[in-house]
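Here are the chains, one letter per residue:
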Amino acid sequence: MSEPTRPPEERDTLEAFGACQLAALAKDWGGVLGADVVGGKPAVLKPGEALPDGKELWPAVVTVLDMESPEGAQLVVVAPYEEAARFFEIPLPDGSPGSIEHSDEALREVFAFLGASTDRAFRKDISSHFRVKGCSSRRVRDLEEIQEVAREADPSVLRLGVSARGGRRLRLWVVLPRAFASSMVEARGRSGKLTRRPPSTVIAAAATGGCILVVDDQILIRRVLRWLLERHGYQVVEASTGAEALNKLSAHKPALVLLDVMMPQMDGFELCRRMRASPEYRALPVIFCTAKDTRQDVIEAIKSGAQDYIIKPFKKELLLEKIARVIAGSSVTEGAAPPPDALTP
């Protein structure tokens, strides 16, 4: 008896989609790493094949992509946690809560690119009717933790792989509901030349440039932000500590500071207060970009003198909008941090 296989049209569609997704990821992650990233050949698993359930894959970084589609489906992308950390040169956690939080935060930022790369893959090879409306990543311990989003008995599974210099490799498993995979086949058969969405006015406005000082002790976060901002016309200066940031303020005269909160020796709140105490930097715009998301954190940020606050992992479009509007001196509306009086208990 021959082994079961996917229908040829489903296999071809998934392989073509995987190739487009790998091309988009190679471009995005290559920009983050500052090195060439190469995608391998996509492989569609046979019916009955499942995600590995042992140390080969778990713990893992699991990214859930919420689709804007007739089915309202979710796609799940799974990558080995330690393999991902080595690929992106992120220090592995040493067991302390702070190190785990830093590693998780850095991986969430790079896996947030899956939203944009998947969106581009759909528009290029499937149909512009499929769009990614949400993307979130988290560290999970084993397969049981993702059964809630991958509970289907026989989903379509696509295995992808990317490699970078130094022999680093990263494997990805993309889990798609069978009904959604069937819709992809139908849409691909109907679609001709795909229509791309026009760039947003905010991104176009951001391309006017200006220097931004990015202050974060995580090198990968700085790389992600540099890659994003330089793509949209900004010059970027980096600092890994508050003291380094103070030195670079006078040397580079930035138009805005993008500031993390959790840093050694001097946290972002203290750095912002020192800037506000200086007549030279009292009016320099500051946007906090941090994983700290409590109400008290937002209150502290505004009291320290920040113009706005965005929580990691962030939507790239919203960050660019906030930056463009704060530099331009206009008010930020969507997602803006409220004034201190509105937050005071």
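Values in this document were obtained by computation on a predicted structure and should not be read as measured data.

How each quantity is defined
Residues numbered from 1 in each chain as written. Predicted model: local features only at pLDDT ≥ 70, side-chain atom pairs only at ≥ 80, totals over all residues. Heavy atoms only, no water. Helix = DSSP H or I, 4+ residues; strand = E, 2+ residues; numbered from the N terminus. Buried < 20%, exposed > 50% of the residue type's maximum accessible area, 1.4 Å probe, protein only. Contact = heavy atoms within 4.5 Å. Areas by Shrake-Rupley, 256 points an atom, 1.4 Å probe, with all protein chains shown as cover. Expected span 1.5 Å × (residues − 1). pLDDT = per-residue confidence, 0-100. Polar contact = N/O pair within 3.5 Å; in protein donor to acceptor, adjacent residues only side chain to side chain.

Asks: Sorry if this is basic, but what is going on with the overall build of the protein chain here?
Replies: Along the backbone of the protein chain there are 12 helices and 12 strands. Evaluated residue by residue, the protein chain yields a buried proportion of 50% over its 345 residues. Sequence separation of at least 24 residues holds for 70% of the intrachain contacts in the protein chain that already meet a minimum separation of 6. Accessible area of the protein chain: about 15900 Å², with a carbon and sulfur share of 51%.

Asks: Even after reading the chapter, I still don't get helix H7 (residues 219-231), so can you show me in this structure?
Replies: An α-helical segment advances 3.6 residues per turn. Residues three or four places apart therefore align on the same side. Taking 1.5 Å of rise per residue, 13 residues should cover 18 Å, and H7 covers 18 Å from first to last C-alpha, within 8% of that figure. Every buried residue of H7 is accounted for by Leu220, Ile221, Arg222, Val224, Leu225, Trp227, Leu228 and Leu229. Gly233 lies just past H7 and shows a positive phi near 90°.

Asks: Even after reading the chapter, I still don't get the confidence of the model for the protein chain, so can you show me in this structure?
Replies: For residues with low pLDDT, the predicted coordinates do not support detailed interpretation. When pLDDT is averaged across the protein chain, the result is 81; 86% of the residues are at 70 or more. Highest mean pLDDT in the protein chain belongs to strand E10 (residues 256-259) (96); lowest belongs to helix H12 (residues 340-343) (35). Residue range residues 192-208 is modelled with pLDDT below 50. Its contacts to residues more than four positions away, or to other chains, number 23 contacts. In the model, residues 330-345 has pLDDT below 50 throughout and makes 31 contacts with residues more than four positions away in sequence or in other chains.

Asks: Explain the side chain of Thr118 here, please?
Replies: With respect to the helices, strands and loops of the structure, Thr118 is situated in helix H4 (residues 113-126). We classify Thr118 as buried; its relative accessible area is 0%. One polar contact links Thr118 to Gln21, side chain to side chain, over a distance of 2.6 Å. If sequence neighbours within four positions are ignored, Thr118 has contacts with Phe17, Gln21, Leu65, Leu75 and Val132.

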